[in-house]
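# Close look at the chain arrangement
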Amino acid sequence: MGKRIVIALGGNALGNNLPEQMIAVKQTAKAIVDLIQEGHEVIIAHGNGPQVGMIQKAMTELTRSDPEKYIPCPLSVCVAMSQGYIGYDLQNALREELLDRGINKGVATVLTQVEVDPEDKAFQNPTKPIGAFMTKEEADKMVAERGYNVIEDAGRGYRRVVASPKPQSIIEIQSIRDMVAAGLVVVACGGGGIPVYKTEGHHLKGAAAVIDKDFASCVLAQQVEADTLIILTAVEKVAINFGKPDEKWLDELTPDQARQYIEEGHFAPGSMLPKVQAAVQFAESAPGRSALITLLEKAKDGVAGKTGTAIHQ
Ligand SMILES: Nc1ncnc2c1ncn2[C@@H]1O[C@H](COP(=O)(O)OP(=O)(O)O)[C@@H](O)[C@H]1O
Ligand SMILES: NC(=O)OP(=O)(O)O
């Protein structure tokens, strides 16, 4: 029987620059349409780390070129731009793949705002890597010249980090539910959603942050009452002792086992840790719900129980 599945697409599903993204989304669309063809209902969320960094850098350079003419662009607006740009490519790739297979289904990208708590401690402790990787020298220059916060990202180089508050709720959730109910393939919560908080009346104010897409996908999956949350990334399974001689790939994880491994430090912050945390939160949110972490090209096999790491109670 068909399931309702929320798919969270990681960096490898989108590539790191414009031409890479154009190519990557074609493969991504194939993997997603495979699931639609099997009778599943899919709602797609995605990351935006490289893209929002690129947009933010471009907007900053524009302001620096002529501060009188070009006022600074808030990070929330950069997130909105990244949703539009990625949604444009994804939506077109999905449309084409569906038409090529003779499937008559509409695809729609929802510009999605996600509410955060303005008092979230994350605003004082930036942890979310965005943009391109830098060498140590480039990173030191950015810290000195621009006052950026920079970290070493899981052995892959240096990256700028920004605040990443936890998603609380999805402002456009009713529109998303209505579109799913109407049979559309929906792309929502791109880049974790545009971070906003409520001010006076019904007004929403953008926050200077980038929400983690794994956590936002978890909220989305709960709010659309999905059966499964699939987090697609660059590894087929989750490992303990990752990258060490005694590395062990996991087929299944219960929330309790996951918590123990988290405590033992098996999952890198900013990469595998939020995925496992989001998977656990979704698996525990209602009976019968499960999460799956696997490779993009293994999504179909993963849903069939043949691969990936399944997280369930
Ligand atoms: N315990 C672990 N098991 C598997 N992969 C891990 C683990 N810890 C860190 N990783 C790394 O996390 C990466 C996934 O995180 P990341 O690249 O940030 O995700 P995204 O696909 O969302 O862009 C994997 O490709 C792998 O290199
Ligand atoms: N917003 C977000 O989590 O993006 P990445 O998955 O690209 O880091």
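Structural data are supplied above this passage.
Everything numeric here is computed off the predicted structure, so don't read it as measured data. (Residues numbered from 1 in each chain as written. Chains lettered and ligands numbered in written order. Predicted model: local features only at pLDDT ≥ 70, side-chain atom pairs only at ≥ 80, totals over all residues. Heavy atoms only, no water.)

### Observations regarding the site of ligand 1
Here is the rule we go by: Throughout, the term near means that a residue has one or more heavy atoms lying within 4 Å of the molecule or strand in question. For the purposes of these results, a polar contact is taken to be a pair of N or O atoms within 3.5 Å, where, inside protein, one atom must be able to donate a hydrogen and its partner to accept one; residues adjacent in sequence count only when each atom of the pair is a side-chain atom. Only the protein chains shown count as cover for residues, with accessible areas throughout obtained via the Shrake-Rupley method and a probe of 1.4 Å. Helix and strand assignments follow DSSP, with helices taken as H or I runs no shorter than four residues and strands as E runs no shorter than two, numbered in order from the N terminus.
Close contacts around ligand 1 come from 18 residues, with Gly11, Lys213, Thr233, Ala239 and Lys275 the closest. Glycine 11 places a polar main-chain atom, nitrogen or oxygen, 3.0 Å from an oxygen atom of ligand 1. One of the side-chain nitrogen or oxygen atoms of serine 271 is found 3.5 Å away from an oxygen atom of ligand 1. For ligand 1, whose unbound accessible area comes to 580 Å², protein coverage reaches 84%. Where the shell around ligand 1 is concerned, the elements lending two or more residues are β13 (238-240) and α8 (272-283).

### Some details on the sheet that holds strand β17 (residues 309-311)
Note the threshold: Following DSSP output, two strands are said to pair if at least two bridges run between them. In what follows, residue pairs with any heavy atoms lying within 4.5 Å of each other are defined as contacts. Axis lines are fitted to C-alpha atoms, over the contacting stretch for helices. Their N-to-C directions set the angle, which ranges from 0 to 180 degrees.
An order of β3-β9-β2-β1-β12-β16-β17-β15 is seen for the eight strands of this open sheet, with the pairing classed as mixed. Edge positions in the open sheet fall to β3 (107-109) and β15 (252-253), since each of these has one partner strand only. Sheet topology note: the β3/strand β9 (residues 185-187) ladder contains three bridges and is parallel. Bridge pairing in β9 places valine 107 opposite valine 185. Across the face of the sheet, helix α3 (residues 75-100) comes into contact with β1 (4-9), β2 (41-46), β3 and β9 while running at roughly 175° to β3.

### Focus: the environment of threonine 135
Applicable threshold: Partly exposed describes any residue whose relative accessible area lies between the buried limit of under 20% and the exposed limit of over 50%, with all areas from a 1.4 Å probe on protein chains only and scaled to the type maximum.
Tracing the sequence through the fold places threonine 135 in the loop between β5 (128-134) and α4 (136-146). Threonine 135 sits in the partly exposed class, given a relative accessible area of 38%. When the C-alpha positions of threonine 135 and alanine 216 are compared, they lie 30 Å apart, and in sequence the two are 81 residues distant.

### Some points on the pairing of β2
For a regular strand, side-chain orientation follows a simple rule: the groups alternate between the two sheet faces. To keep it simple, the criterion reads: Convention used here: a crossover is right-handed provided that the path from the first strand, over the helix, to the second strand proceeds clockwise when the strands point away from the viewer.
Here β2 lies mainly inside the structure; five of its six residues are buried. Crossover connection from β1 via helix α1 (residues 18-37) to parallel β2: handedness right-handed. Of the pairings in the sheet, the one linking β2 to β9 comprises two bridges and is parallel in character. Its bridge partner being in β9, isoleucine 44 is matched across the sheet by valine 187.

### Side note on the packing of helix α7 (residues 255-263) against α8
Let me state the cut-off plainly: Put simply, angles under 35 degrees are roughly parallel, angles over 145 are roughly antiparallel, angles from 65 to 115 are roughly perpendicular, and the rest are oblique. By the definition used in this description, the sense in which the near helix is turned from the far one sets the handedness, with an anticlockwise turn below a right angle giving left-handed and a clockwise turn giving right-handed. All residues other than Ala, Val, Leu, Ile, Met, Phe, Trp, Tyr, Cys, Pro, Asp, Glu, Lys and Arg, Gly among them, are scored as polar; the first ten of these are nonpolar and the last four charged.
Where α7 contacts α8, the two axes come as close as 10 Å, and the packing angle between them is 155°. Considering the angle they form, α7 stands roughly antiparallel to α8. For the pair α7 and α8, the crossing hand works out as left-handed. Here α7 contributes Pro255, Ala258, Arg259 and Ile262 to the contact with α8, which in turn contributes Leu273, Val276, Gln277 and Val280. A per-class count over the contact of α7 with α8 returns six nonpolar, one polar and one charged.

### Brief notes about the site of ligand 2
Contacts to ligand 2 come from Gly47, Asn48, Gly49, Pro50, Lys128, Gly191, Val210, Ile211, Asp212 and Lys213. Here a nitrogen atom of ligand 2 sits 3.0 Å away from a polar atom, N or O, in the main chain of isoleucine 211. In the model, an oxygen atom of ligand 2 is placed 2.8 Å from a nitrogen or oxygen of the lysine 213 main chain. Relative to its unbound accessible area of 250 Å², ligand 2 is 88% covered by the protein chains. Along the lines of polarity and charge, the residues of the shell around ligand 2 split into three nonpolar, four polar and three charged.

### Topic: empty space enclosed by the protein
Here is the rule: Think of a 1 Å grid over just the protein atoms. A cavity is a set of points where a 1.4 Å probe fits yet cannot get out, a pocket is an open set with protein on both sides within 12 Å along at least five of seven lines, and lining residues have an atom within 4 Å of a point. Grid points are joined across faces, edges and corners, and a volume is the space filled by probe spheres set on the points.
Enumeration over the complete set of coordinates arrives at one cavity of 30 Å³ or more. Taken as a whole, the largest cavity spans an internal volume of roughly 30 Å³. Around the largest cavity sit Leu14, Gly15, Asn16, Asn17, Leu18, Gln21, Pro50, Gln51, Met54 and Tyr85, which together line it. Of all elements in the fold, only α1 and α2 (49-65) reach the threshold of two or more residues within the lining of the largest cavity. Among the residues forming the lining of the largest cavity, the class breakdown is five nonpolar, five polar and no charged.

### So, unusual backbone geometry
Despite not being glycine, cysteine 189 shows a phi value in the positive range, around 55°. Within the element layout of this structure, cysteine 189 appears in the loop between β9 and β10 (194-198). Of note in this structure, asparagine 241 is not a glycine but carries a positive phi near 55°. Along the polypeptide, asparagine 241 turns up in the loop between β13 and β14 (248-250).

### Some details on the side chain of arginine 160
We apply this condition: The charged-residue count follows a simple rule in which Lys and Arg add positive charge and Asp and Glu add negative charge, with His and chain termini not counted at all. The rule for a salt bridge is simple: a side-chain nitrogen of Lys or Arg has to be within 4 Å of a carboxyl oxygen of Asp or Glu.
In this structure, arginine 160 sits in strand β7 (residues 158-162). Notably, arginine 160 is buried but unbridged: the nearest opposite-charge side chain belongs to glutamate 61, and the N-O separation is 9.6 Å. Polar side-chain contacts of arginine 160 include one of 2.8 Å to the side chain of glutamine 56. Once residues within four sequence positions are removed from consideration, arginine 160 is found in contact with Gln56, Lys128, Pro129, Ile130, Met134, Tyr148, Asn149 and Val150.

### Regarding the pattern of salt bridges
The tally for this structure, following the rule as stated, stands at 14 salt bridges. A salt bridge links glutamate 145 to lysine 141; the nearest nitrogen and oxygen atoms lie 3.9 Å apart. Of this pair, glutamate 145 and lysine 141 both sit in helix α4, four residues apart, which is roughly one turn of the helix. Across the pair lysine 237 and aspartate 251 runs a salt bridge whose closest N-O atoms are separated by 2.6 Å. One end of the pair, lysine 237, is in the loop between β12 (228-233) and β13; the other, aspartate 251, is in the loop between β14 and β15, with 14 residues separating them in the sequence. Since its relative accessible area comes to 47%, aspartate 251 is described here as partly exposed. A network of salt bridges, in which partner residues are shared, links Lys30, Asp34, Glu97 and Arg101.

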